Amino acid sequence: MALQRAIKPLDEPDAQPPSGNAVAATAPREARPQPRSDATRATLLTGPILPTLLRLALPTMVVLVAQTAVNIAEAYYVGFLGTDALAGVAMVFPVFMLMTMMSNGGLGSGVSSAVARAIGAGRKQDADALVFHALALAVIFGALFTAGTIAGGPALYRALGGKAGALDAALKYSNYLFAGAIPVWIVNLQAAALRGSGNVRVPAAVTLIGALVMIPASPILIFGLGPVPRLGIGGAGIAFGLYYGAAMLFLTRYMASGRAGLTFRFVPLKRQLFADILRVGIPTAVNTVLTNLTVILVTGAVGLFGTTALAAYGIASRLDYVMIPILFGLCTATLTMVGVNIGAGETARARRIAWTSAFVGLALTGTIGLSVALDPPLWLHLFSHDAEVLRDGTIYLRIVAPAYAALGFGFVIAFAAQGAGHVLWPFIASLARILVAAGCGWIAVGRFGAGMAGLASMVAASLVAYAAICAIVMLSPAIWTRGRR
């Protein structure tokens, strides 16, 4: 059994001991404390599940909530620029979240899963090499997002209902925001690699510091202060680029120093290591595309109601994305723990971790969703006091927010499956979600004239369907009896 074997230090060089008595030379080696990477691995394999899960998840959850506060603050600041600006941000926001979720939870999950399974199996060199492979992928995908939004942004935002001032605001915000796509991808994949190794504190600290800088920096660039000119909605995009550029430089230097548990260095690119990342990363990235495409298509359906409804939906649905950072902190811990245990052959423990995590996710998102459903203005008043915006936003939240419990349950299970190297059922669940929310939603609005209540009902039903299909993961013998390393 993996838990009964002595664990060789993963970063110990294969050098000959000094000359002299062999016993004397060996004794100090046995007394030497475990390297941090070995101690972390042992904890993930033997520690109590819930305390270990929370210890890994809480730092990431706290700082991602802080980062979400940045997004909320930005929407608050942009609200002072008028309804057109608010609608413009509402159109761009799903695309930005698509990039964030693809890099953190899509390709990032592939990186975390590959690193965690390599560490669980004792392959430290492969774990280090995966960092450089992740960086190469980050540059490619970041460049694709920059080019894609510049070339396709005008058509996309028009299709989402953007007109006149709202379209102009969306294009300006989008161009500035996605100019920094490569640093965003690099930072998120670097953080994913660190989390896969069990190092959650440094990525968390970088995110927290970024949030503390962004909250005051964003309004300064938006409204101007002293020598800083008023940049309007473009200033919000520039603030993101400045933060991610600085974070990229810091994490690269930190990981190259060897103090991170993982070591960044240039290595020959290997097809096998790319495959190890992409086997989980590509299907999971497709899942995130489907998730965000759901929001984009529903946004398009709401656009049929007019600019006011579009602004209301943008505000109300932003709560969907508050759920994601909270869940993401829990999910990255789940993925790491499941991945390490699968790599070590401890599949029964991996399954217990998945169940425990799923019910924690249900409790967290269910509590938040129920609170907002009971008092929607608690959330909506952060962004607008327009009576029509509040009316449509209230309708949406009272129907959709209670279903966030289902979102939390299914989302965590999907990440547990990724940690085990399996992605089929989460993919099917995401496909079902888009068919119900967007497909049925468009039919309800376009053919039967349903209002916001009908569209919101389709969104809520899609979350329940998503959770039900993801639950099949927990019943699949293929995942929890043999696992993939």
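Predicted model, so just to flag it, every value in this text is computed and none were measured.

**Q** Can you break down the overall build of the protein residue by residue, with the values?
**A** Broken down by element type, the protein carries 18 helices and zero strands. Counting every position in the protein, which comprises 485 residues, the buried fraction comes to 59%. Pairs at least 24 apart in sequence give 85% of the contacts found in the protein among residues at least 6 apart. When the accessible surface of the protein is summed, it comes to about 19,000 Å², and 67% of that surface belongs to carbon and sulfur atoms.

**Q** An account of the packing of helix H14 (residues 387-400) against helix H17 (residues 452-470) is needed here, citing residue identities and associated values.
**A** Between H14 and H17, whose axes approach to 8 Å, the crossing angle comes to 30 degrees. Judged on the interaxial angle alone, H17 and H14 are roughly parallel. Crossing handedness for the pair H14 and H17: right-handed. Between H14 and H17, the residues in contact are Asp 392, Ile 395, Tyr 396, Ile 399 and Val 400 and Met 452, Ala 453, Ala 456, Ser 457, Val 459, Ala 460 and Leu 463, respectively.

**Q** Break down the side chain of Thr 365 for me, with residues and values.
**A** Along the chain, Thr 365 turns up in helix H12 (residues 347-374). Residue classification places Thr 365 among the buried positions, given a relative accessible area of 0%. Those residues in contact with Thr 365 that lie beyond four places of it in its chain are Met 323, Leu 327, Tyr 404, Ala 405 and Gly 408.

**Q** Outline helix H4 (residues 83-120), listing residues and values.
**A** The first and last C-alpha atoms of H4 sit 51 Å apart over 38 residues, in line with the 56 Å expected at 1.5 Å per residue. Most pronounced at Gly 108, the bend in H4 amounts to some 50 degrees. Positive phi shows up at Gly 122, right after H4, with a value of about 80 degrees.

**Q** Go over the environment of Pro 219 with me, naming the residues and quoting the values.
**A** With respect to the helices and strands, Pro 219 occurs in helix H8 (residues 201-223). Those residues within four positions of Pro 219 in sequence are excluded, and the remaining contacts are Tyr 77, Met 214 and Gly 224.

**Q** Which residues make up the environment of Met 337, and what values do they have?
**A** In this fold, Met 337 is placed in helix H11 (residues 307-343). Distance in space between the C-alpha atoms of Met 337 and Leu 45 is 7.7 Å, their sequence separation being 292 residues. With residues up to four places along the chain from it excluded, the contact list for Met 337 reads Leu 44, Ile 49, Thr 52, Leu 53, Leu 56, Arg 349 and Ile 353.

**Q** Which residues make up the packing of H4 against helix H15 (residues 404-419), and what values do they have?
**A** Across the interface, H4 lies against H15 with an axial gap of 9 Å and an inter-helix angle of 45 degrees. When the axis of H4 is compared with that of H15, the two are oblique. The segment H4 lies against H15, with Gly 105, Ser 109, Ser 113 and Arg 117 engaging Phe 415, Gln 418 and Gly 419. A breakdown of the residues in the contact of H4 with H15 according to their chemical character gives one nonpolar, five polar and one charged.

**Q** Just give me the short version of the packing of aromatic side chains, but keep the residues and values in it.
**A** Per the counting criterion, the structure on display carries 13 aromatic pairs. Aromatic ring contacts, followed pair by pair, group Phe 96, Phe 178 and Phe 240 into a single cluster.

**Q** Kindly report on helix H7 (residues 181-196), identifying the contributing residues and their values.
**A** Helix length check: H7 (16 residues) gives 23 Å between terminal C-alpha atoms against 22 Å at 1.5 Å per residue, within 8%. Taking burial as the measure, the 16 residues of H7 include 15 buried ones, the bulk of the element. Phi turns positive one or two residues past the end of H7, at Gly 198, with a value near 95 degrees.

**Q** Outline the environment of Arg 55, supporting the account with residue identities and numerical values.
**A** Structurally, Arg 55 is set in helix H3 (residues 49-79). Through-space distance from the C-alpha of Arg 55 to that of Val 200 is 9.2 Å; in sequence the pair is 145 residues apart. If we skip the residues at most four places from it in the chain, Arg 55 touches Thr 43 and Val 200.

**Q** Describe in detail the pattern of salt bridges, supporting the description with residues and values.
**A** Inspection of the entire model under this criterion finds six salt bridges. Measuring nitrogen to oxygen at the nearest pair gives 3.9 Å for the salt bridge that ties Asp 128 to Arg 265. Here Asp 128, found in helix H5 (residues 124-159), pairs with Arg 265, found in the loop between helix H9 (233-256) and helix H10 (271-303); they are 137 residues apart in sequence, far enough to count as distant. Residue Asp 128 is classed as buried on the basis of its relative accessible area of 5%. For Asp 392, the salt bridge goes to Arg 391, with nearest N and O atoms at 3.4 Å. For Arg 391, a relative accessible area of 48% translates into the label partly exposed. Via salt bridges that share partners, Arg 117, Asp 276 and Arg 279 belong to a single interconnected network.

How each quantity is defined
Residues numbered from 1 in each chain as written. Predicted model: local features only at pLDDT ≥ 70, side-chain atom pairs only at ≥ 80, totals over all residues. Heavy atoms only, no water. Helix = DSSP H or I, 4+ residues; strand = E, 2+ residues; numbered from the N terminus. Buried < 20%, exposed > 50% of the residue type's maximum accessible area, 1.4 Å probe, protein only. Contact = heavy atoms within 4.5 Å. Areas by Shrake-Rupley, 256 points an atom, 1.4 Å probe, with all protein chains shown as cover. Axes fitted to C-alpha atoms, helices over the stretch in contact; angles between N-to-C directions. Parallel < 35°, antiparallel > 145°, perpendicular 65-115°, else oblique. Left-handed = near helix turned anticlockwise from the far one by under 90°. Expected span 1.5 Å × (residues − 1). Bend = angle between axes of the 7 residues up to and from the residue. Nonpolar A, V, L, I, M, F, W, Y, C, P; charged D, E, K, R; others polar. Phe/Tyr/Trp six-rings, centres within 6.5 Å; stacked < 30°, edge-to-face > 60°. Salt bridge = Lys/Arg side-chain N within 4 Å of Asp/Glu carboxyl O.

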